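Next come the chains, spelled out residue by residue.
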Amino acid sequence: MRDIWGDSKVVDPEEFGISEGLVDAELRIYDDPPGGATGFSTGFHDFVLFTTGDAEVLGKDELAAILAHEDAHASVYFDGLASVIAPIISSLTFTGQNVFFAALEFGRREFRADRYAAETVSEKAIVSALKTMRDELVSRRAQNLESNTTHSVSTAVAFSSFAPKSEDLSWSDEIFGLYFGPYTMTRAHPTINARIDYIENQ
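Residues numbered from 1 in each chain as written. Predicted model: local features only at pLDDT ≥ 70, side-chain atom pairs only at ≥ 80, totals over all residues. Heavy atoms only, no water.

### Comments concerning the pattern of salt bridges
Should the charged atoms of two oppositely charged side chains come close, the side chains can pair.
So, step 1. As enumerated under the stated definition, the model contains 5 salt bridges in all.
So, step 2. Residues Arg28 and Glu26 are paired through a salt bridge, measuring 2.8 Å at the closest nitrogen-oxygen approach.
So, step 3. For Arg28, a relative accessible area of 10% corresponds to the buried category.
So, step 4. We classify Glu26 as partly exposed; its relative accessible area is 24%.
So, step 5. Here Asp114 ties to Arg195 by a salt bridge, and the two come within 2.8 Å at their closest N and O atoms. Of this pair, Asp114 sits in helix α6 (residues 106–120) while Arg195 sits in helix α10 (residues 192–200), and the two are 81 residues apart along the sequence. (Salt bridge = Lys/Arg side-chain N within 4 Å of Asp/Glu carboxyl O. Buried < 20%, exposed > 50% of the residue type's maximum accessible area, 1.4 Å probe, protein only. Helix = DSSP H or I, 4+ residues; strand = E, 2+ residues; numbered from the N terminus.)

Now the structure itself:
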């Protein structure tokens, strides 16, 4: 598992054109392709992480919407803390994460964070950001298939905005996914298209 925390650094939101106060959590950036934004909480401190790739491919409003979505998980709702606690309890009790995330209504929480981003920034911005990320991930997946490689995805935090397809996971991830993360990243995570449909039809 990649240590994205150790690779990240604190940044000022205004460096990226993000309005002061939009993100209440500590904002950190790390070097990785687009699609690595995530938000979590220790219960005492909240964090939102995004990648250099996110900053490169997203427009200012799109990035603001993605960060607002992650801040909803980290600072506004219980999601950010739950995403840290549930995998730990799952491992200690040898219980699949499907049990915990079904109880937490994982999909509903993801849609709720999208709605928060739409209300905080704009519906247009979050939909546009999701479409941009969808296109980026489709392109990267095609490149991976051509080169027969897979993209390493950190599974430390459950509420990563852009989950990989199950075919992008290694055999070990598939086997142990119920306990250590990929389940929450693939099977329980709403697709980008489902998220776009939800926003546009509310």
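Still to come is the rest of the account.
### A short note on the side chain of His73
So, step 1. Within the secondary structure layout, His73 lies in helix α3 (residues 60–76).
So, step 2. A polar contact is formed between the side chain of His73 and the side chain of Glu110, at a distance of 3.0 Å. (Polar contact = N/O pair within 3.5 Å; in protein donor to acceptor, adjacent residues only side chain to side chain.)

### Some remarks on a negative patch on the surface
So, step 1. On the surface, Asp12, Glu14, Glu15 and Glu20 cluster together to form a negatively charged patch.
So, step 2. One can find Asp12 in the loop between β1 (9–10) and β2 (26–30). (Patch = residues over 30% accessible without salt bridge, like charges linked within 9 Å, V, L, I, M, F, W, Y side chains within 5 Å. Areas by Shrake-Rupley, 256 points an atom, 1.4 Å probe, with all protein chains shown as cover. Lys, Arg positive; Asp, Glu negative; His and termini not counted. Charge placed at Lys NZ, Arg CZ, Asp CG, Glu CD.)

All quantities given are derived from atomic positions and should not be read as evidence of function.
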